[in-house]
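Summary of structural features
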Amino acid sequence: MSTDPSECEPAADRTGTDDLGKRSSNTTHSASAHTATAQATAPTPVATGTAAQDTAAQDTHVTDGVLGKSYRALSIGIVSVVLLIAFEATAVGTAMPVAARELDGVSLYAFAFSGYFTTSLFGMVLSGQWADRQGPLRPLTTGIIAFGVGLALSGTAGTMWLFILGRAVQGLGGGLVIVALYVVVSRAYPEPLRPAIMAAFAACWVIPSVVGPLVSGAVTEQLGWRWVFLGIPVLVLLPLALALPQIRRRASGPAPGSEQDGPSTVGATTAPKGQRIRLAFMISAGAGLLQYAAQDLRWFSLLPGALGIALLVPAVLGLLPRGTYRAARGLPSVVLLRGVAAGSFIAAESFVPLMLVTQRGLSPTLAGLSLAAGGATWALGSFVQSRGRAAAHRHRLMAFGMVLVAASIAVAPTVLIASVPVWIVAVAWGFGCLGMGLVISSTSVLLLQLSPPQETGNNSAALQISDGLSNVMLLALGGAAFAALGGGAVGAAHGAATTGGSEAHTGAFVVVFLPMAAVAALGVWVATRVRVREPH
């Protein structure tokens, strides 16, 4: 992970892939839930578009697991797609600095990440509407093709702007794939198996998060940075061959009610379906302007920052479920919690290696290793929530997870005190990742439970928008506060840092971590609102 505060965008990139992995959407493996438990936590069943989909969505007497004969090809196919995306997302950061230097584009370095993020937001909204109207097969196929084309463009780029264009195309494809896979899970798997397949997505990120940067570094040194981008597209053909026939059979076709123009369910997004593409353009442009302003902290940057906010506010209000901003019970709180958890944790995590390197004198390798255990504990939290007996207690697990997240963020800056051992960060972050595994995976499961078929795509897009936007906004706020308190001069103190940094530099880190801990603590309350009260 980069230790330069100006390079925080990779975290947003990583989370944007979201929810299909460790940093943005994580989960592990499990068996079926008891029928009574599933019915207690699920909304009233709504018929889907075909007999095959009806069978998958309503059969609660599941005798086959996600790797059983009925689901094996589909599960292996879609999980392999996530595995390859996870590897690319974790490996690209290692090759990016070399690519930027070779293409004489270091000054444009941040745009390679922000370009991915802004187009992925548009892809999420487009995929949600497309999948609801025509089924997930076409947006998923188009997204994977766009992802591969973007990798090929970046891998063959002769200039930095062409490289950034490739990253933008890749982001569009990633946004399409993320939401389409949610709809596939919703339509193709019965409810008791959904926690297990979402958990498998999380497991896909454990190995890539550890070996991805190492493999990428070796490939970059031995073969060149271009092969980090060019090697992935060919590998995705096999999982596609496994998954696409199963998706066509189990999850194709529009959902009933998808032809209606306008929200039809409680907690649905406020914008009519015909306006969502326009709002998607607004949210992408607004996010891009806001990121540009955050990267260039001058008075002139206030103008694009203000314009970005002016575009973002109406777009967010239109694309997120009604009542999200006030944590209304049920789906709105699920979407809000996703943003609160992901944004606070990733924003804080982006500054952990920098703090350890500059204030405690650790090498970048050791600083990165302090976060390595988090991959395993995140997967563990995802596994715990996927157990059948956890379904009835999901809201409590989510509140407990947010307590762990808030505590880990609050404890991390204690290493700024010279007498505190540095291993405290590794322990704290392990518990924080455990909490994130409980929360992020559970928001994915609850979203599918609370979404009728005709709104699954749009609601999945809303979940990803909440995740991605909170990351970029909290990273921008944290970076601005860090710079305002002298964080820009932290790197100059690196050579002298042995047992601690100056008080000024200490304050720059504290002003990042403590507000993020407060945001995570707010998430504890939001977690109590995800459960819909039973009518008396």
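Here's a quick rundown of the structure. (Residues numbered from 1 in each chain as written. Predicted model: local features only at pLDDT ≥ 70, side-chain atom pairs only at ≥ 80, totals over all residues. Heavy atoms only, no water.)

**Concerning the packing of aromatic side chains**
Let me state the cut-off plainly: Stacked, edge-to-face and tilted are the three classes for Phe, Tyr and Trp ring pairs, Trp counted by its six-membered ring, which pair at centre distances within 6.5 Å; planes under 30 degrees apart are stacked, over 60 edge-to-face, the rest tilted. Helix and strand definitions follow DSSP, with helices as H or I runs of at least four residues and strands as E runs of at least two, each counted in order from the N terminus. Only protein chains enter the area calculation, which uses a 1.4 Å probe; residues under 20% of their type maximum are buried, those over 50% are exposed, and those in between are partly exposed.
Under the criterion given, the structure shown has 9 aromatic pairs. Note on F482 and F509: the rings are 5.1 Å apart at their centroids and 65 degrees apart in plane angle, and the pair reads as edge-to-face. One end of the pair, F482, is in helix α21 (residues 456-484); the other, F509, is in helix α22 (residues 503-527), with 27 residues separating them in the sequence. The two residues F482 and F509 agree in class, both being buried. Taken together, the ring pairs in this structure connect F163, W225 and F229 into an aromatic cluster.

**Some thoughts on the packing of helix α20 (residues 423-450) against α21**
Basically, it comes down to this: To obtain an axis, a line is fitted to C-alpha atoms, over the contacting stretch when the element is a helix, and the angle between two such axes runs from 0 to 180 degrees between their N-to-C directions. Each angle gets one of four labels, with under 35 degrees taken as roughly parallel, over 145 as roughly antiparallel, 65 to 115 as roughly perpendicular, and the rest as oblique. Handedness of a crossing is defined here by the sense of rotation of the near helix relative to the far one, left-handed for an anticlockwise turn of less than a right angle and right-handed for a clockwise turn. Whether two residues touch is decided by their heavy atoms; if any such pair falls within 4.5 Å, the residues are in contact. Note on residue categories: nonpolar means Ala, Val, Leu, Ile, Met, Phe, Trp, Tyr, Cys or Pro, charged means Asp, Glu, Lys or Arg, and polar means any other residue, Gly included.
Running from N to C, α20 and α21 cross one another at 155 degrees; their axes reach a closest spacing of 10 Å. Considered as vectors, α20 and α21 are oriented roughly antiparallel to each other. Viewed along their axes, α20 and α21 form a crossing whose handedness is right-handed. In this structure, α20 contributes T443, S444, L447 and L448 to the contact, and α21 contributes T456, N459, S460 and L463. Class assignment for the residues of the contact of α20 with α21 results in 3 nonpolar, 5 polar and no charged.

**Observations regarding the environment of L237**
If you trace the backbone, L237 turns up in helix α12 (residues 237-250). Through-space distance from the C-alpha of L237 to that of G77 is 9.8 Å; in sequence the pair is 160 residues apart.

**Section: a nonpolar patch on the surface**
Put simply, the rule is: Like charges are joined within 9 Å and nonpolar side chains (Val, Leu, Ile, Met, Phe, Trp, Tyr) within 5 Å, but only among residues with over 30% relative accessible area and no salt bridge; these make up the patches. Working definition of accessibility: Shrake-Rupley area with a 1.4 Å probe, residue cover restricted to the visible protein chains. Salt bridge, as used here: a side-chain nitrogen of Lys or Arg that lies within 4 Å of a carboxyl oxygen of Asp or Glu.
Taken together, the side chains of L67, I76, L238 and L242 present a nonpolar region at the surface, about 360 Å² in accessible area. Locating I76 in the fold gives a position in helix α4 (residues 72-102).

**Some words on the environment of A517**
Relative to the elements of secondary structure, A517 occurs in helix α22. Residue classification places A517 among the buried positions, given a relative accessible area of 9%. Note: C-alpha distance between A517 and F345 (172 residues apart in sequence) is 8.3 Å. Every residue in contact with A517, bar those within four places of it in the chain, is listed here: A406, I409 and A410.

**Notes on the packing of helix α7 (residues 160-188) against α20**
Closest axis-to-axis distance for the α7/α20 pair is 10 Å, and the angle between their directions is 60 degrees. Considered as vectors, α7 and α20 are oriented oblique to each other. α7 and α20 meet at a crossing whose hand is right-handed. From α7, Y182, V185 and S186 reach across to α20, where they touch S444, L447 and L448. Of the residues in the contact of α7 with α20, the class split is 4 nonpolar, 2 polar and no charged.

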